[in-house]
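Commentary on secondary and tertiary structure
One letter stands for each residue in the lines below.
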Amino acid sequence: MLEYIEATDLKNMILCADTALEENIQEINELNVFPVPDGDTGTNMSLTMNNAAEALRKKEVWDSVAEVSSVTASGLLRGARGNSGVITSLLFRGVSKKLKGLTHADARQYAAAMNEGVESAYKAVMKPAEGTILTVSRKAAEAAVNYAKRDGSDILQMLQLALDSAREALVLTTEQNPVLKKAGVVDAGGKGYVVCLEAMLACLRGEFVPKEKNSASSADANVFQKFSTEEITYAYDTVYIIRRDGNRKPLDLLRAYLDSIGDSLVIGEDDDMFKVHVHTNTPGQALTESQKYGTLEVAKIENMRTQHDEVAAGGASLHADDVLQEDEPEDTKAEKEYGAVAVCVGDGIVELFHEIGVDQVVSGGQSMNPSTEDILRAVEKTPARTVFIFPNNKNIFMAAEQCRSLTDKNLVLIRSRNVPQGISAMLCFEPDQKIDVMTEAMNAAMENVHTVMITYAARDSDYDGYEIHQGEYLSLYDGALAGSSSDIDEIVKMSAEAAREREPEIITIYYGEDTDEQSAQKLCHSFENWFPDAEVSAVYGGQPLYYYMISIE
C-alpha cells in the first residue's frame, strides 16, 4: 500500500513516462490513420514529454510534489508539439495547479489533480471530440476520483483503477470515431496517454525505471577529473533523429561514414526512423550525410570539452538547450506596432515569406511540428508590440495559442492551414491598418484559397474508400484525400479535376526539393491547357515531402 506520492516519486514517474513514450513512438505513430507524412502523434508526444524530463534531470533533489509538477508543466508547455503534445501539456498543467503548495500528495489530492488536468484540457480545446485522448484521460480521472471519494487511500490501487478505465476507454475510441472504426485501430493520442499511465504506475511499484541519459551530471565529476580535455579525441556528443520518409536505403554506408569521422557510434532504427548517437569533431557533416536517408527531426549537440571543464570545476554541465536559450535574446525591444511570424520549411518558401514582410520564420510544418518554445522565441525576436502568427498547419494552432501565456506581446493567430493560405493572408498585412481590419481581410483572403497538395503515402492505409499503399502518390484537395496512384500524371489529372468546379483565376504551383523546374514547368503548361482563363505560374518552394503545393484562387 502507498499512501503518499513524494517529490522523488513524481519525478521518477515523469521520467518513466518519457522513457515509455520514446520506446513506443513507432507503435503510436502507426495508429495514425491518415497516410500522409506528418508530425505523427507518437513523435509529438515523446518530444513534448522529453522536454519536461530534461528539465527534471537538471536537479537531483526536489523538495515537494508542487515543485516537481510545476517544472514538469513548464517544460511540457514550452516543449509542446502538435495537438497531442499540447493536450498532454494541458493535462499536466492542471495537475500542477492542484498540487500547488503540497509537499506530498495523497490519493484524494492526486485524484483531484488528475481531474483538474482533464478540465484544463477540455476548456482549452475549441471543439472537444470524444474518442480521443480527452475521453481516455477523463475516464481515468473519473475512476481515480470515485475511488478517493470512497475513502480509498492506496494510491497504487487508485492508479490501477484509473489505468483500467483508461484502457477500456481506449478500446471504445474505435467505435466512437468512424475513421478509426473503419481502420480497426484505437486513437493514437489516447494510446499515448495509456502508455504514460502504465509507466507511471509501474514506476511507483518499482517495476519500471527511467532510461539513463548520456549527459554529464554532477555525479560524473570524478570521472571527468580523471582525464584532461586533450584526451577527448572527438569533442561533440551528437544525437539526432532522422525520419525515413519512405527511404529504405540500408544504413551500412552511413555507419561506415560515421565511424570514419567519430566514435561511440550507436544507431537504433525502426521502420520509419532511426536515432544516431556519435562523438565527432564535425557534427555538421554527420547531419548532412544522414539527411540523405530522410528528414532531420531533432538534434542535440554538446561540447564534451566544455562539459569537462565545467564539471571538473564543480559546476553543472552545459547542455545544448541551455546554450540555445542563452545565445538568443529573450525579448527584442518593440520598434514598430505590428510584426509577423510564419511557420514553414523550404528555401523558396522561407524567402518568399520574408519578401512579403514576415519578420521571423519558424522552421517546421508537416513532418516536424515546432514546439511552443520554438514559436515563442520567434515572437520574442520580432521587434513589434503586436505579432501576427501564421502556423500554416492546423496541427500547429494549439502550440501557437500556448504562447499567449508566455509573452507580454499581443498575439494574433491567423489560422492558416497551409502555406498557400498563409501567403495569401500575409499579402493583406498592412501596418497602417487596424488589427481587426487586417484580421478580417486575412481571413477573407484565406477563404478564397483552395489547395492541392501532392505527396506520397507514408504507410499502407484503407482510408475514405481508398486502398492506399506505402509509396504511392497522393493528392489532397483542401486537406481531403482526392486520390492515390503509382502514376504521377494520373495524380495530377485527379488534382486538376478536383479544382475544376472552382473556376480558378490564379493558379500558383510551388514545387518542392524533390522536383525539378522542368517538371514544374511541364505541370504549369498542363494547367494552362486545362484552365485557359487562369493565370498560371510555377514558383520554387523547396519544401520537403510535398512534390507540389498548388494554390487555386
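Per-residue confidence for the protein gives a mean pLDDT of 85, with 87% of residues at or over 70. Within the model, pLDDT remains below 50 along residues 215-229, and this stretch shows 23 contacts once partners closer than five positions in the same chain are excluded.

Our focus in this paragraph is the sheet that holds strand E9 (residues 384-390). An order of E8-E7-E9-E10 is seen for the four strands of this open sheet, with the pairing classed as parallel. Only two strands of the sheet have a single neighbouring strand rather than two, namely strand E8 (360-363) and strand E10 (410-413). Between one strand axis and the next, the sheet turns through 25 degrees on average, direction left out of account. One ladder, built from four bridges, connects strand E7 (residues 336-344) with E8; its direction is parallel. Its bridge partner being in E8, Cys-344 is matched across the sheet by Ser-363.

Position of Ala-499 among the secondary structure elements: in helix H21 (residues 488-500). A relative accessible area of 0% means that Ala-499 is categorised as buried. On a C-alpha basis, the gap between Ala-499 and Ser-551 in space is 10.0 Å, while along the polypeptide they are 52 residues apart. Not counting residues within four places of it along the chain, the set of residues in contact with Ala-499 comprises Tyr-477, Pro-504, Phe-531 and Ile-552.

On to the state of the cysteines, then. Tallied over the entire structure, the rule returns zero disulfides. Left without a disulfide partner, Cys-203 is nearest to the cysteine sulfur of Cys-16, which lies 3.6 Å away. Owing to a relative accessible area of 14%, Cys-203 belongs among the buried residues under this scheme.

Let us look at the nonpolar core. Counting 89 residues, the largest nonpolar core has Met-13, Leu-99, Tyr-110, Met-114, Met-158 and Leu-159 as its most contacted members. Of all the elements, helix H10 (residues 188-204) adds the most residues to this core, at eleven residues. Setting aside anything within four residues of it in sequence, one finds Tyr-110 in contact with Ile-5, Leu-10, Met-13, Val-95, Leu-99, Ala-105, Met-158, Leu-159 and Met-200.

Overall, the coordinates contain 18 salt bridges when judged by the stated rule. A salt bridge links Arg-138 to Glu-142, with the shortest nitrogen-to-oxygen separation between them at 3.4 Å. Taken together, the positions of Arg-138 and Glu-142, both in helix H7 (residues 133-149) and four residues apart, correspond to about one turn of that helix. A salt bridge links Lys-336 to Asp-359; the shortest N-O distance between them is 2.5 Å. Of this pair, Lys-336 sits in strand E7 while Asp-359 sits in the loop between helix H16 (347-355) and E8, and the two are 23 residues apart along the sequence. One network of salt bridges, in which partners are shared, links Glu-130, Arg-138, Lys-139 and Glu-142.

Let us look at the sheet that holds strand E16 (residues 506-511). What the six strands build is an open sheet, ordered E15-E14-E11-E18-E16-E17; its pairing is mixed. The sheet is open, and its two borders are formed by strand E15 (480-485) and strand E17 (535-540), each paired with just one other strand. Across the sheet, the mean angle from the axis of one strand to that of its neighbour is 15 degrees, orientation sign disregarded. The strands that H21 touches are strand E11 (450-456), strand E14 (473-477), E15 and strand E18 (548-552); relative to E15, the one it contacts most, it runs at about 150 degrees. Across the sheet, helix H22 (residues 517-530) lies against E16, E17 and E18, angled at about 165 degrees from E17, the strand it touches most.

Within the secondary structure, Ile-5 sits in strand E1 (residues 4-5). Classification of Ile-5 as buried rests on a relative accessible area of 1%. Distance in space between the C-alpha atoms of Ile-5 and Leu-204 is 8.6 Å, their sequence separation being 199 residues. Those residues in contact with Ile-5, other than ones at most four positions away along the chain, are Leu-10, Met-13, Val-65, His-104, Ala-105, Tyr-110, Ile-155 and Leu-204.

Rules used in this analysis
- Residues numbered from 1 in each chain as written.
- Predicted model: local features only at pLDDT ≥ 70, side-chain atom pairs only at ≥ 80, totals over all residues.
- Heavy atoms only, no water.
- pLDDT = per-residue confidence, 0-100.
- Contact = heavy atoms within 4.5 Å.
- Pairing = 2+ DSSP bridges.
- Helix = DSSP H or I, 4+ residues; strand = E, 2+ residues; numbered from the N terminus.
- Axes fitted to C-alpha atoms, helices over the stretch in contact; angles between N-to-C directions.
- Buried < 20%, exposed > 50% of the residue type's maximum accessible area, 1.4 Å probe, protein only.
- Disulfide = S-S within 2.5 Å.
- Core = buried A, V, L, I, M, F, W, Y, C linked by side-chain atoms within 4.5 Å.
- Salt bridge = Lys/Arg side-chain N within 4 Å of Asp/Glu carboxyl O.

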